[in-house]
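Understanding the architecture of this molecule
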Amino acid sequence: AGEAPCREMAPPKKRDYRARAHCNPFNDGAFNVPAKPEACDWVSHYPLLARKPEFHGPLKGNQAQQQGIDATPTYASESVEAEAERKRDREAAALEGHVSFVDVGCGFGGMSVTLAKMFPTKLILGMEIRDKVSEYVRQRILHLRKEHPGEYGNVSVVRTNTMKYLCHFFSKGQLSKIFFLFPDPHFKVANHRRRIINSTLLSEYAYVLEEGGLLYTVTDVEELGDWMRNHCATHRMFTRVSDEELREDPIIGVIHNCTEEGQKVERNEGRTYLSVFRKLPCVDAGYVAE
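Read on for an overview of the structure. (Residues numbered from 1 in each chain as written. Predicted model: local features only at pLDDT ≥ 70, side-chain atom pairs only at ≥ 80, totals over all residues. Heavy atoms only, no water.)

1. Some details on the pattern of salt bridges
Short version of the rule: Here, a salt bridge means any Lys or Arg side-chain nitrogen found within 4 Å of an Asp or Glu carboxyl oxygen. Throughout, exposure labels follow a simple rule: accessible area from a 1.4 Å probe, protein chains only, divided by the maximum for the residue type, with under 20% read as buried, over 50% as exposed, and the rest as partly exposed. The numbering of helices and of strands both runs from the N terminus, where a helix is a DSSP run of H or I of at least 4 residues and a strand a run of E of at least 2.
With the rule as written, the count across this model stands at eight salt bridges. With a shortest N-O distance of 2.8 Å, glutamate 128 and arginine 130 are connected by a salt bridge. Arginine 130 matches glutamate 128 in its accessibility class, with the two residues each being buried. For glutamate 245, the salt bridge is made with arginine 278, and the minimal N-O distance between the two is 3.0 Å. Residue glutamate 245 is found in helix H9 (residues 243-246), and its partner arginine 278 is found in strand E7 (residues 273-279); the two are separated by 33 residues along the sequence. Of the residues examined, glutamate 245 reaches a relative accessible area of 38% and is grouped as partly exposed. According to the relative accessible area criterion, arginine 278 is partly exposed, its value standing at 25%.

2. Side note on the nonpolar core
The test is simple: Only buried residues count toward a nonpolar core, which is a set of Ala, Val, Leu, Ile, Met, Phe, Trp, Tyr and Cys residues joined through side-chain atoms within 4.5 Å. Residue contacts are defined here by distance: any two heavy atoms, one from each residue, within 4.5 Å place the two residues in contact.
Among the nonpolar cores identified, the biggest contains 40 residues, and Trp42, Val99, Phe170, Ile178, Tyr205, Leu215 and Phe238 are the most heavily contacted of them. Of all elements in the fold, only strand E1 (99-104), strand E2 (123-128), helix H6 (162-169), strand E4 (175-181), helix H7 (199-208), strand E5 (209-219) and helix H8 (222-234) reach the threshold of two or more residues within this core. Among the elements that take part in this core, H7 stands out by supplying five residues, more than any other. Filtering out sequence-adjacent residues up to four positions away, tryptophan 42 remains in contact with Pro37, Leu49, Val99, Leu125, Phe169 and Phe170. Core analysis: the second largest hydrophobic core is formed by 32 residues, Leu115, Phe179, Leu181 and Phe182 among them.

Listed below in structure tokens is the structure:
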């Protein structure tokens, strides 16, 4: 415990958190999964939420210390400290009260922290199945919060199996954007059922996305790009976003090279395959609202 503060002062090094690039999502793993979305302890991920009126009381135990932010809304007598407290309250008031952007298979967190900077009022969550990699992202976020006070309080990471537990974290229509950047291609035909984009899972993604919400996919494997695009295009709850609309989307300017995999493709002068799909209203998709 005495070594933790020293370790948090320095940025984490990827070499200390390397893990296998591939993971079988069907293997049983030990994950801390909430029973339902309402049971998620989001304040432990985003301590500033404790300052919002709809959240009650300070963090439990040493959660605030672990996150590197004092979440107790008390004012000090010194003017500098008092102003710092008021600034944190303003930041908390600007934050949305729920996660709206999810980076599935976030890897080393490049996209998640980029989104946090671009959309400071949105809550962003990275989801990663590998324990060492998710711990790296957690340490990276803690370091960024210390290095840039008042920033990156809107991003966090959770280690989980998205293919199994997505709906344990998010309620119907909660998300506005969901990202699948350079997912595992699972090249063997026998392993295609492990791919993160398939017809069954697309129904779950449609469930947690709001009407008009966007689903982003990027890969450097042409066959996988075709697979993801075709599965999304044939799903009744999604329609493809046109190239004209994408030119107006600020995310498209960073989505190709903000991740480690994307930077590797760029260095090797490779090609990436992007597809973005919008969730249709239930009526447009052929469903009748109850």
